[in-house]
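# Residue-level structure breakdown
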Amino acid sequence: MLHFLPKPLIGIISFLMYLLNTLFWAGPVLLLAMLKLPPIRLWQVAITYLLDTCASAWISLNNFTTSLFSKIHWDIKGLDKLSVKDWYLVVANHQSWVDILVLQKVMNRQIPFLKFFLKKELIYVPVIGLCWWALDFPFMKRYSAAFLKKHPQLKGKDIETTRKACEKFRYKPVSVMNFLEGTRFTPEKQQQQQSPFRHLLKPRAGGISFVLNAMGEHLHKLLDVTIYYPKGAPSFWDFISGKVHDIKVRVRVLPIEQHLIGDYEDPHFRERFQHWVNQLWLDKDRQLSALQQGEV
């Protein structure tokens, strides 16, 4: 609607609207979190539904801001098989922080509210950290191989801690997001890694195996999301300034089979799991090539 305004002005107004929207919803989210403290399961589940409703409304208003100031052609396929009543593990290629906004826009009210695994230290981020805690974002603590070598008694403790944190997901559908590449794609990182993929960095199989080992009994399906920006990956400022005009998203729904859940330290399981992840990434790389050529 207002995309004719100067781009710098659009960026400033959009940023302020995003900020005000976030601060507005932080209040009811933190209040509901306090009401959720009594250890009564049905009560906590009911409050969790209210919390996720607040979070979905926050995303909807962010999406309204985007539509108000940007003229984006969204080319999205694969949403027809999704449900808010299912449990999902969501994976996607990662090119920009805009990917998170794209995923929130595409998945909002299509699947349960999207949640990210976060490092335990992020709970101390002012206001936002408490909101993540209130919304049941799973906080995880990973131990390095070197640390476990010195403290072998802690082996498996990280899985146990994460599994305990995810116990609440048994009672309400959830979607958990994981970027397999672990960092944003750039040609420099691709060259440094000597990645065998044209459009992707090497996937980190250990991370997703950790998630499945901790939550496998709760997760029913894998959503394989491919995001493509025809004009190249935009910055957050490009996105909120109305400079992005075309985004393509493809979604595949895959089963999470029992053989994908196991101990990543077991060399035989690790080899099978890495093969599965690499095949997933080969398919995604081919799809990105097809999107680049306008074939899908």
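Residues numbered from 1 in each chain as written. Predicted model: local features only at pLDDT ≥ 70, side-chain atom pairs only at ≥ 80, totals over all residues. Heavy atoms only, no water.

## A look at helix α3 (residues 98–107)
Test applied: Summary of the burial criterion: residues with accessible area below 20% of their type's maximum are buried, those above 50% are exposed, and those between are partly exposed, where the area comes from a 1.4 Å probe applied to protein chains only. Where helices and strands are cited, they refer to DSSP runs of H or I of at least four residues and of E of at least two residues respectively, numbered from the N terminus.
Among the 10 residues in α3, eight count as buried, and that is most of the element. By the burial criterion, the buried members of α3 are V98, D99, L101, V102, L103, Q104, V106 and M107. Following α3 by one or two positions, R109 adopts a phi angle in the positive range, close to 70°.

## Describing the packing of helix α8 (residues 205–215) against helix α10 (residues 267–292)
What counts, and what does not: Here an axis means a line fitted to C-alpha atoms, over the contact stretch when the element is a helix, while the angle between two N-to-C directions is reported on a 0 to 180 degree scale. Orientation categories follow fixed angle ranges, with anything under 35 degrees roughly parallel, anything over 145 roughly antiparallel, 65 to 115 roughly perpendicular, and all other angles oblique. Throughout, a residue-residue contact means that at least one pair of heavy atoms, one from each residue, lies within 4.5 Å.
Interaxial distance between α8 and α10 falls to 10 Å at its minimum, and their mutual angle equals 105°. Considering the angle they form, α8 stands roughly perpendicular to α10. Contacts between α8 and α10 involve A205, I208, S209 and L212 from the first element and F269, F273, Q274, W276 and V277 from the second.

## Considering the pattern of salt bridges
Side chains that differ in charge, positive against negative, can pair when their charged atoms come close. Condition: Here a salt bridge means any side-chain nitrogen of Lys or Arg lying within 4 Å of a carboxyl oxygen belonging to Asp or Glu.
Counting across every chain of the model gives nine salt bridges. Here D75 ties to R250 by a salt bridge, and the two come within 3.1 Å at their closest N and O atoms. Of this pair, D75 sits in strand β1 (residues 73–77) while R250 sits in strand β8 (residues 246–255), and the two are 175 residues apart along the sequence. With a relative accessible area of 5%, R250 lands in the buried category. Shared partners join several salt bridges into a network, and the residues in it are D224, R252, D283, K284 and R286.

## With respect to the pairing of β8
Convention followed: Only when DSSP finds a minimum of two bridges between them are two strands counted as paired.
When β1 meets β8, the two strands line up parallel, connected through five bridges. By the bridge assignment for β8, H73 is matched with D246. Direction of pairing for strand β7 (residues 221–228) relative to β8: antiparallel, over a ladder of eight bridges. Across the sheet, the residue bridging to Y228 is K248, located in β8.

## Details of a nonpolar patch on the surface
Inclusion rule: Exposure above 30% relative accessible area and the absence of a salt bridge qualify a residue for a patch, where like charges join within 9 Å and nonpolar side chains (Val, Leu, Ile, Met, Phe, Trp, Tyr) within 5 Å. Here, Shrake-Rupley sampling with a 1.4 Å probe gives the accessible areas, and only protein chains in the shown set may cover a residue.
A contiguous nonpolar patch, built from I12, F15, L16, L19, L23, F236 and W237 and spanning about 650 Å² of accessible area, is present on the exposed surface. Broken down by element, the residue count for the nonpolar patch peaks at five residues, all from helix α1 (residues 7–35). Positionally, I12 belongs in helix α1.

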